[in-house]
Amino acid sequence: RENFIHLCNPHLEKMKEDILYHFALGTGTHDFPALFGDVKFVCVGGSPSRMKSFTTYIAEELGLASPSGDYPNICAGTDRYAMYKVGPVLSVSHGMGIPSISIMLHELIKLLHHAKCSNITIIRIGTSGGIGLEPGSVVITRQSVDATFKPQFEQVILGKTVIRSTNLDEELAKELMQCSKEINQFNTVIGNTMCTLDFYEGQGRLDGAICLYNEEEKLQYLKEAYDSGVRNIEMESSVFAAMCNLSGVKGAVVCVTLLNRLEGDQISSSHDVLVEYQQRPQKLVGYFIKKSLGKV
């Protein structure tokens, strides 16, 4: 059964041309079905370099590696986001925080719609701070919660507060967990992910430029988060989950933890260790894609 992207915007039908400004793409200048019609998997992550390295990795895993070893940035006309494609896999950077990933997702979802893509899976791969987990553990998000541990994304639209669900696809999470068991290379858990509006005070850190609480209050808050089911903290998952739900797209968030926030605030692992940690979500999602395509 073909499951196409659902656009919750009747105004788009009246537009002769749709310019995806932050991608430097448009329906009047690009043939979206020809460029993207075969896409089945979209992987998104914060940094352009990480998404390019994922493209190189998945190309090799799928046997689609470029002879030149390079992949052009489809969004080279802008410096906001980077986009790479290999076979049925699209890799897109989203920057840092809810506003940045929200802008990217609006244009990505329209791109997939204009390309007439169906049965799409979108996975955010990234880094996070863990709670009660050894650094290097991978968390598959069950649901994204806000800083008060509620599973919701709150946004003010036309002066009114709108609340949207942040549950993620349960079956997809289970499939990814099974893939991790088959790889058997690193600790992986399914848990809730707290999505905050800030890296410092919003996450209870003691090392920002401003901090008006003490260590005891910080630890009490993080333990309450742990008791509510939260296993990691990042800054994009809530709007990601909300927009996937509204668009009828299967979505997942797979993040590695760079530290255990119950033991400190600063990331002190060596560069080589951090590089290896950041490859873990890529390995898991890469294996999932290969398995889905019958290449395992």
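Residues numbered from 1 in each chain as written. Predicted model: local features only at pLDDT ≥ 70, side-chain atom pairs only at ≥ 80, totals over all residues. Heavy atoms only, no water.

**Student:** Where do I start with the overall build of the protein in this structure?
**Tutor:** Helices and strands together make up the secondary structure of the protein, namely 7 helices and 12 strands. Rg of the C-alpha trace for the protein: 19 Å, near the compact-globule value of 19 Å for 296 residues, within the 12% margin. Taken along the three principal axes of its C-alpha coordinates, the protein extends 55 × 50 × 35 Å. Going through the 296 residues of the protein one by one, you find that 50% of them count as buried. For the protein, long-range pairs separated by at least 24 residues make up 75% of all intrachain contacts whose partners lie at least 6 apart in sequence. Of the roughly 14,200 Å² of accessible surface on the protein, 51% is carried by carbon and sulfur atoms. If the 28 positive side-chain charges of the protein are averaged to one point and the 33 negative ones to another, these points end up 6 Å apart. (Helix = DSSP H or I, 4+ residues; strand = E, 2+ residues; numbered from the N terminus. Rg over C-alpha atoms; globule rule 2.2 N^0.38 Å. Buried < 20%, exposed > 50% of the residue type's maximum accessible area, 1.4 Å probe, protein only. Contact = heavy atoms within 4.5 Å. Areas by Shrake-Rupley, 256 points an atom, 1.4 Å probe, with all protein chains shown as cover. Lys, Arg positive; Asp, Glu negative; His and termini not counted. Charge placed at Lys NZ, Arg CZ, Asp CG, Glu CD.)

**Student:** Mind showing me how you'd approach the UniProt feature "binding site: substrate" (unreviewed entry) in the protein here?
**Tutor:** Within this numbering scheme, the UniProt entry marks Q203 and R205 as carrying the feature "binding site: substrate" (unreviewed entry). Not counting chain neighbours up to four residues away, the residues in contact with Q203 comprise T196, D198, L222, I233, E234, M235 and R261. Tracing the chain through its elements places R205 in the loop between β10 (188-195) and α5 (215-227). Using a relative accessible area of 2% as the deciding quantity, one classes R205 as buried. Leave out the neighbours within four places in its chain, and R205 touches F199, Y200, C211, Y213, L259, R261 and D265. (UniProt positions renumbered as here; feature names shortened; annotations may be inferred.)

**Student:** Would you mind showing me how to read helix α6 (residues 237-247) here?
**Tutor:** Taken across its 11 residues, α6 has 9 buried, putting it largely inside the fold. Within the span of α6, buried status applies to S237, S238, V239, F240, A241, A242, M243, C244 and S247. Just past α6, the residue G248 takes up positive phi, approximately 70°.

**Student:** Even after reading the chapter, I still don't get the nonpolar core, so can you show me in this structure?
**Tutor:** Generally speaking, a soluble globular protein has its nonpolar side chains buried in company with each other. In this structure, F23, V42, L108, L111 and L112 are the most contacted members of the largest nonpolar core, which totals 40 residues. Elements supplying a minimum of two residues to this core: α1 (32-36), β3 (41-45), β5 (89-93), α3 (98-114), α6 and β12 (250-260). Setting aside residues up to four positions removed in sequence, L111 forms contacts with L20, F23, L25, F32, F36, M83 and L90. Within the second largest apolar cluster, 35 residues are counted, among which are L172, L176, I183 and L258. (Core = buried A, V, L, I, M, F, W, Y, C linked by side-chain atoms within 4.5 Å.)

**Student:** Looking at this structure, I do not really get the side chain of N192. What am I missing?
**Tutor:** Looking at where N192 falls in the secondary structure, it is placed in strand β10. Contacts of N192, omitting those with residues within four sequence positions, involve R142, Q143, V145, S228, G229, V230, R231 and N232.

**Student:** What's the story with the packing of helix α4 (residues 170-183) against helix α7 (residues 271-292) in this structure? I'm lost.
**Tutor:** To characterise two packed helices, one gives the angle between the axes of the helices and the distance between these axes. Relative orientation of the contacting elements α4 and α7 amounts to 105°, with a least axis distance of 9 Å. Judged by the angle between their axes, α4 and α7 are roughly perpendicular. Side by side, α4 and α7 meet where L172, E175, L176, Q178, C179, S180, E182 and I183 of the first sit next to K283, L284, Y287, F288 and K291 of the second. Taken together, the residues that form the contact of α4 with α7 break down as 7 nonpolar, 2 polar and 4 charged. (Axes fitted to C-alpha atoms, helices over the stretch in contact; angles between N-to-C directions. Parallel < 35°, antiparallel > 145°, perpendicular 65-115°, else oblique. Nonpolar A, V, L, I, M, F, W, Y, C, P; charged D, E, K, R; others polar.)

**Student:** I keep staring at α7 and nothing clicks. Help me out?
**Tutor:** Two residues of an α-helix separated by three or four positions point the same way, owing to the 3.6 residues in each turn. When the terminal C-alpha atoms of α7 are compared, their 32 Å separation across 22 residues agrees well with the 32 Å that a helix rising 1.5 Å per residue should span. Every buried residue of α7 is listed here: L274, Y277, R280, P281, Q282, L284, V285, G286, Y287, F288, I289 and K290. Just beyond α7, the residue with positive phi is G294, at close to 75°. (Expected span 1.5 Å × (residues − 1).)

**Student:** Please clarify how unusual backbone geometry should be interpreted in this entry.
**Tutor:** The phi torsion of most residues other than glycine is negative, and most of the peptide bonds are trans. Notably, L158 is not glycine yet its phi reads approximately 55°, a positive angle. At N184, a position not held by glycine, the phi torsion is positive, near 55°. Accessibility expressed as a relative area gives 66% for N184, which makes it exposed.

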